Amino acid sequence: MVVPEPGLPGRVRVHEVGPRDGLQNESATVPTEVKAEFVRRLAEAGLTTIEATSFVHPKWVPQLADAERLYPLLSGLDGVDLPVLVPNGRGLDRALALGARRVAVFASATESFARANLNRSVDESLAMFEPVVTRAKRADGHVRGYLSMCFGDPWEGPVPLARVVRVCRALLDMGCDELSLGDTIGVATPGHVTALLEALAEAGVPSGVLGVHFHDTYGQALANTLAALRSGVTTVDASAGGLGGCPYARSATGNLATEDLVWMLRGLGIETGVDLGLLVATSVWMSERLGRPSPSRTVRALASADSHKEQ
């Protein structure tokens, strides 16, 4: 039953991160052709923003070492944006050479995670990103700024709101078109989400440039998403089948499952353009190739219902 809630947006853009953020955490490397088919199936399900891969050094993320081979296989997906992660200038060069014009940089709100992920301080990492963002914009690119550890850090604990606001402002000031607020270890709760979004609004950061990226470590991802929607956010990151985590934070578990998100949004009468049946079939297909069931509750419920119908 569709029961809208007053004050929520009429449409939400789902930023699908499964092919990048999901598959980069797999212990076994997924074949390039399977990755390409995964992206194509997600596009057929109606997703229009699909994060394809990362142009990071293969030493750090070997699961995505095939970025140069994968990206050309995704040509021809009309109406689908295929952003890629670029950690530095060399990564940007590789992406631009293949025609990628939607890129993302990956910053941290905490010093500990900046050191673990980038081997730099927060300010040093921002200094590294600035010329990357500038060059991407000169190439008519669109730049997303990811910000990790917005709510809690496994080494430092709770993260002060002012620290998150400072780095968000720095990313916007250097030219980022949008920001993704990451709950990397999944410790956020709805009140914390609302408080951060209010602090960002007070600092002149409008909700229209923000996306949210929740992990479901403590089962809070959907509740946190709803809090963000109530604060005006209309972009939500999610991963088909709930794939993913974070290779630099062992306490991080899977991302918010795209199917769980779409189920909730559909019940609220919020448009996404996503065909839930095709999306579930895609995640079942991928789970078969990974050799394990999807952690998404919606995938399990609907796949089980379809199985019973067939019997």
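So, how was this worked out
- Residues numbered from 1 in each chain as written.
- Predicted model: local features only at pLDDT ≥ 70, side-chain atom pairs only at ≥ 80, totals over all residues.
- Heavy atoms only, no water.
- Buried < 20%, exposed > 50% of the residue type's maximum accessible area, 1.4 Å probe, protein only.
- Helix = DSSP H or I, 4+ residues; strand = E, 2+ residues; numbered from the N terminus.
- Pairing = 2+ DSSP bridges.
- Right-handed = clockwise from strand over helix to strand, strands pointing away.
- Phe/Tyr/Trp six-rings, centres within 6.5 Å; stacked < 30°, edge-to-face > 60°.
- Lys NZ or Arg CZ within 6 Å of the ring centre and 35° of its normal.
- Polar contact = N/O pair within 3.5 Å; in protein donor to acceptor, adjacent residues only side chain to side chain.
- Contact = heavy atoms within 4.5 Å.
- Core = buried A, V, L, I, M, F, W, Y, C linked by side-chain atoms within 4.5 Å.
- Expected span 1.5 Å × (residues − 1).
- 1 Å grid on protein atoms, 1.4 Å probe; cavity = no way out; pocket = protein on both sides within 12 Å on 5 of 7 lines; lining within 4 Å.
- Points joined across faces, edges and corners; volume = space filled by probe spheres on them.
- Nonpolar A, V, L, I, M, F, W, Y, C, P; charged D, E, K, R; others polar.
- Axes fitted to C-alpha atoms, helices over the stretch in contact; angles between N-to-C directions.
- Parallel < 35°, antiparallel > 145°, perpendicular 65-115°, else oblique.
- Left-handed = near helix turned anticlockwise from the far one by under 90°.

Undergrad: Honestly, the pairing of strand β10 (residues 210-214) in this entry has me stumped. Any pointers?
TA: Both faces of the sheet carry side chains from a regular strand, because those side chains alternate between them. Most of β10 sits inside the fold, with five of its five residues counted as buried. Side-chain alternation along β10 places L210, V212 and F214 on one buried face and G211 and H213 on a second face that is also buried. Sheet analysis places strand β9 (residues 178-183) next to β10, joined by five bridges and oriented parallel. Residue S180 lies in a different strand from β10, and its bridge partner there is G211. Handedness of the crossover joining β9 and β10 through helix α8 (residues 190-202): right-handed. Judged from the two bridges that link them, β10 and strand β11 (residues 235-238) form a sheet pairing that is parallel. Bridged to V212 within β11 is V236. You can see the chain leave β10, run along helix α9 (residues 221-230) and come back into β11, and the turn it takes is right-handed.

Undergrad: Explain the packing of aromatic side chains to me, please; I cannot follow it from the model alone.
TA: Each aromatic ring pair is specified by the distance between its two centres and by the angle formed by the two planes. Taken as a whole and judged by the stated rule, the model has two aromatic pairs. A centroid spacing of 5.1 Å and a plane angle of 20° characterise the contact between F106 and Y146, whose relative ring orientation is stacked. Of the two residues, F106 is situated in strand β5 (residues 102-108) and Y146 in strand β6 (residues 142-148); the sequence distance between them amounts to 40 residues. Y146 gets classed as buried once you look at its relative accessible area, which sits at 3%. When the ring centre of Y146 is taken as reference, the NZ or CZ atom of R20 above it lies at 5.5 Å.

Undergrad: Explanation requested: the side chain of S283 in the structure shown.
TA: Structurally, S283 can be placed in helix α11 (residues 276-290). A residue is classified by how much of its surface remains accessible, and S283, at 4% relative accessible area, is buried. Side-chain polar atoms of S283 contact the backbone nitrogen of G241, separated by 3.1 Å. Discounting residues that sit within four places of it in the chain, S283 has contacts with A240, G241, E259 and V299.

Undergrad: Can you walk me through unusual backbone geometry in this structure?
TA: With glycine set apart, most residues show a phi of negative sign, and most peptide bonds adopt trans. Even without glycine at this site, N119 takes up a positive phi of about 60°. Along the polypeptide, N119 turns up in the loop between α5 (111-118) and α6 (122-138). Overall, N119 belongs to the exposed group, its relative accessible area being 62%. Located in the positive-phi region is D140, a residue other than glycine, with phi close to 60°. With respect to the helices and strands, D140 occurs in the loop between α6 and β6.

Undergrad: Explain the nonpolar core to me, please; I cannot follow it from the model alone.
TA: The nonpolar side chains of a soluble globular protein tend to be buried, and buried together. Of all hydrophobic cores here, the largest spans 92 residues; its most connected members are L82, V84, V86, L200 and L279. Setting aside chain neighbours within four positions, we find V84 in contact with A52, T53, F55, Y71, A95, A100, R102, V103 and A104. Counting residues in each nonpolar core, the second largest holds five residues, with L85, A104, F106 and Y146 among its members.

Undergrad: Explain α8 to me, please; I cannot follow it from the model alone.
TA: Two residues of an α-helix separated by three or four positions point the same way, owing to the 3.6 residues in each turn. Helix length check: α8, at 13 residues, gives a terminal C-alpha distance of 18 Å against a target of 18 Å (1.5 Å per residue), a fit within 8%. Next to the buried residues of α8 lie α7 (161-173), β9, β10 and α9. A positive phi of about 85° marks G204, the residue just after α8.

Undergrad: What am I meant to see in the layout of surface pockets here?
TA: In this approach a probe as big as a water molecule rolls over the atoms, and the regions it shows empty are the leftover space. A volume near 300 Å³ is recorded for the second largest pocket. Along the wall of the second largest pocket there are 14 residues; nearest its centre are D216, D260, P295, S296 and R297. For the lining of the second largest pocket, the class distribution of residues is four nonpolar, seven polar and three charged.

Undergrad: Where do I start with empty space enclosed by the protein in this structure?
TA: Going through the model one piece at a time under the given rule, you end up with two cavities of 30 Å³ or more. Space inside the largest cavity adds up to approximately 80 Å³. In this structure, the largest cavity is lined by A240, G241, L243, S283, M286, S287, L290, R292, P293, S294 and P295. Residue composition of the lining of the largest cavity, grouped by class: six nonpolar, four polar and one charged. Lining the second largest cavity, in full, are R13, H15, T49, P83, R102, V103, H142, R144 and E178.

Undergrad: So what exactly am I meant to see when it comes to the packing of helix α4 (residues 89-97) against α6 here?
TA: When two helices pack together, you describe them by how their axes are tilted relative to each other and by the distance separating the axes. Interaxial distance between α4 and α6 falls to 9 Å at its minimum, and their mutual angle equals 20°. The angle between α4 and α6 falls in the class roughly parallel. In the packing of α4 onto α6, the handedness of the crossing is right-handed. Taken together, the residues of α6 that come into contact with α4 (itself represented by G89, L92 and D93) are V132, R135 and A136. Looking at the contact of α4 with α6, its residues break down into three nonpolar, one polar and two charged.

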